[in-house]
Amino acid sequence: LFSAIHPSQRQQWAETYARLIVPQGTLIVLLYPLIRRGQTPPYRVTMAECEVYLKRYFVLVRVDPNCRCTEGHEGNELMS
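Undergrad: Sorry, what's going on with the nonpolar core here?
TA: One broad trend across soluble globular proteins is that nonpolar side chains are buried collectively. Formed by 13 residues in total, the largest nonpolar core has its most connected members in Phe2, Trp13, Leu27, Val29, Leu31, Cys50 and Leu54. Elements supplying a minimum of two residues to this core: helix 1 (10–20) and helix 2 (47–54). Counting residues per element, this core draws most heavily on helix 2, which supplies 4 residues.

The structure is reproduced here in structure tokens:
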């Protein structure tokens with residue numbers, strides 16, 4: 001889960017997934033929380049930040065702002 005990774009380790013996270021996923025493979029990312037800010041996990045994330053780390057290795061195919069969210073997380077999650 002991207003938000004569980006400390007922001008200073010997210011580049012390493014992206015590089016690791018790029019090595020683990022086979023060429024032409026698919027990475028599905030759930031972004032949460034989009035709003036809450038905190039000093040402990042889950043850390044706040046944005047789609048733009050996720051793209052910065054992943055665009056070097058993956059092609060963004062779809063972003064679903066209307067994903068079926070966990071109750072209470074409405075408007076605070078994105079699936080890409």
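Don't stop here, the text continues.
Undergrad: I'm lost on the packing of aromatic side chains in this one. Help?
TA: What describes a pair of aromatic rings is the distance from one ring centre to the other and the angle between the planes of the rings. Evaluated as defined, the whole model comprises 1 aromatic pair. Taken together, a centroid distance of 4.9 Å and an interplanar angle of 50° make the contact between tryptophan 13 and tyrosine 17 tilted. You can see tryptophan 13 and its partner tyrosine 17 sitting in helix 1, 4 residues apart, about one turn around the helix. The buried category is assigned to tryptophan 13, whose relative accessible area is 11%.

Rules used in this analysis
Numbering of residues starts from 1 in every chain and runs along the sequence as written. Two thresholds apply to this predicted model, a pLDDT of at least 70 for residue-level local features and 80 or more for giving and counting side-chain atom pairs, whereas whole-chain, interface and lining totals are computed over all residues. Side-chain measures here rest on the full set of heavy atoms in the structure, leaving out hydrogens and waters. For this analysis, a nonpolar core means a set of buried residues of the types Ala, Val, Leu, Ile, Met, Phe, Trp, Tyr and Cys, connected via side-chain atoms within 4.5 Å. Burial classes follow relative accessibility: with a 1.4 Å probe on protein chains only, a residue under 20% of its type's maximum area counts as buried, one over 50% as exposed, and anything between as partly exposed. In DSSP terms, a helix is any run of H or I states spanning at least four residues, a strand is any run of E spanning at least two, and both are numbered starting from the N terminus. Note on aromatic contacts: the rings of Phe and Tyr and the six-membered ring of Trp form a pair at centre separations within 6.5 Å, being stacked when their planes are under 30 degrees apart, edge-to-face when over 60 apart, and tilted otherwise.

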